[in-house]
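Single-letter residue listing:
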Amino acid sequence: MAKTKGTRRKVAYRKNNQNRLSMVLIIIVVLILTVTVAIRCGEMSQRLEVLEAQKEELQQQKDEEAARAEEIEEFRKYTQTAGYVEEVAKEKLGLVYEGEIVFKEED
């Protein structure tokens, strides 16, 4: 049995409709994926900005702590000098050299 011309047209029409439906579904899936990726990209860029700000703040804190550590090291070296020992002895213990005159304020 040979297919008639009308049957061929119906089969071709069905195939065209199936192809169109498949293309529409593929386009919808691609659009959904594109929108999802765009949304995620926006979220990631916002997160990146937050992390960059955090990084700058932490770098600033690191620099401040390095400067503080340097000051502490300088103070440690200073406390090991004879001048510091003499200064503390004068202030806290009242060290006075022979022949030195000390003036005190009266309240």
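In what follows, the accompanying structure is described. Note that the structure is predicted; figures quoted are calculated from it, not measured.

1. With respect to the overall build of the chain
- Looking only at helices and strands, the chain features two helices and zero strands.
- Every one of the 107 residues in the chain was classed for burial, and the buried ones make up 1%.
- On the chain, roughly 10,700 Å² of surface is accessible, and the fraction owed to carbon and sulfur atoms is 59%.

2. Structural notes on the packing of aromatic side chains
- Taken as a whole and judged by the stated rule, the model has two aromatic pairs.
- Centroid distance Phe75 to Tyr84: 6.0 Å. Interplanar angle 80 degrees. Geometry classified as edge-to-face.
- Residue classification places Phe75 among the partly exposed positions, given a relative accessible area of 48%.
- Overall, Tyr84 belongs to the partly exposed group, its relative accessible area being 23%.

3. Remarks on a nonpolar patch on the surface
- Residues Leu21, Val24, Leu25, Ile28 and Ile32 make up a contiguous nonpolar surface patch of about 450 Å² in total accessible area.
- Tracing the backbone through its elements, the reader meets Val24 in helix α1 (residues 5-79).

4. Things to note about helix α2 (residues 82-93)
- Spanning twelve residues, α2 covers 15 Å between terminal C-alpha atoms, matching the ideal 16 Å at 1.5 Å per step.
- Positive phi appears at Gly94, one or two residues downstream of α2, with a value of about 75 degrees.

5. As for the environment of Lys90
- Tracing the backbone through its elements, the reader meets Lys90 in helix α2.
- Not counting the four nearest positions on each side in its chain, Lys90 is found in contact with Leu95, Tyr97 and Glu100.

Thresholds, definitions, all that
Note on numbering: residues in each chain are counted from 1, in written sequence order. This being a predicted model, a pLDDT of at least 70 is required before a residue's local features are given, and a value of 80 or more before pairs of side-chain atoms are given or counted; all residues contribute to the totals for chains, interfaces and linings. Excluding hydrogens and water, the side-chain figures rest on all heavy atoms present in the structure. By the criteria applied, helices consist of DSSP H or I runs no shorter than four residues and strands consist of E runs no shorter than two, each listed in order from the N terminus. Partly exposed describes any residue whose relative accessible area lies between the buried limit of under 20% and the exposed limit of over 50%, with all areas from a 1.4 Å probe on protein chains only and scaled to the type maximum. Note on areas: Shrake-Rupley, 1.4 Å probe, and residue coverage restricted to the protein chains presented here. Classification of ring pairs rests on two measures: the distance between centres of Phe, Tyr or Trp rings, Trp counted by its six-membered ring, which must be within 6.5 Å, and the angle between planes, read as stacked under 30 degrees, edge-to-face over 60 and tilted in between. Each patch groups residues whose relative accessible area exceeds 30% and which form no salt bridge, using 9 Å between like charges and 5 Å between nonpolar side chains of Val, Leu, Ile, Met, Phe, Trp and Tyr. Salt-bridge detection follows one rule: a side-chain nitrogen of Lys or Arg within 4 Å of a carboxyl oxygen of Asp or Glu. What a helix should span is 1.5 Å times the count of its residues minus one. Contact between two residues is taken to exist if any of their heavy atoms lie within 4.5 Å; hydrogens are not considered.

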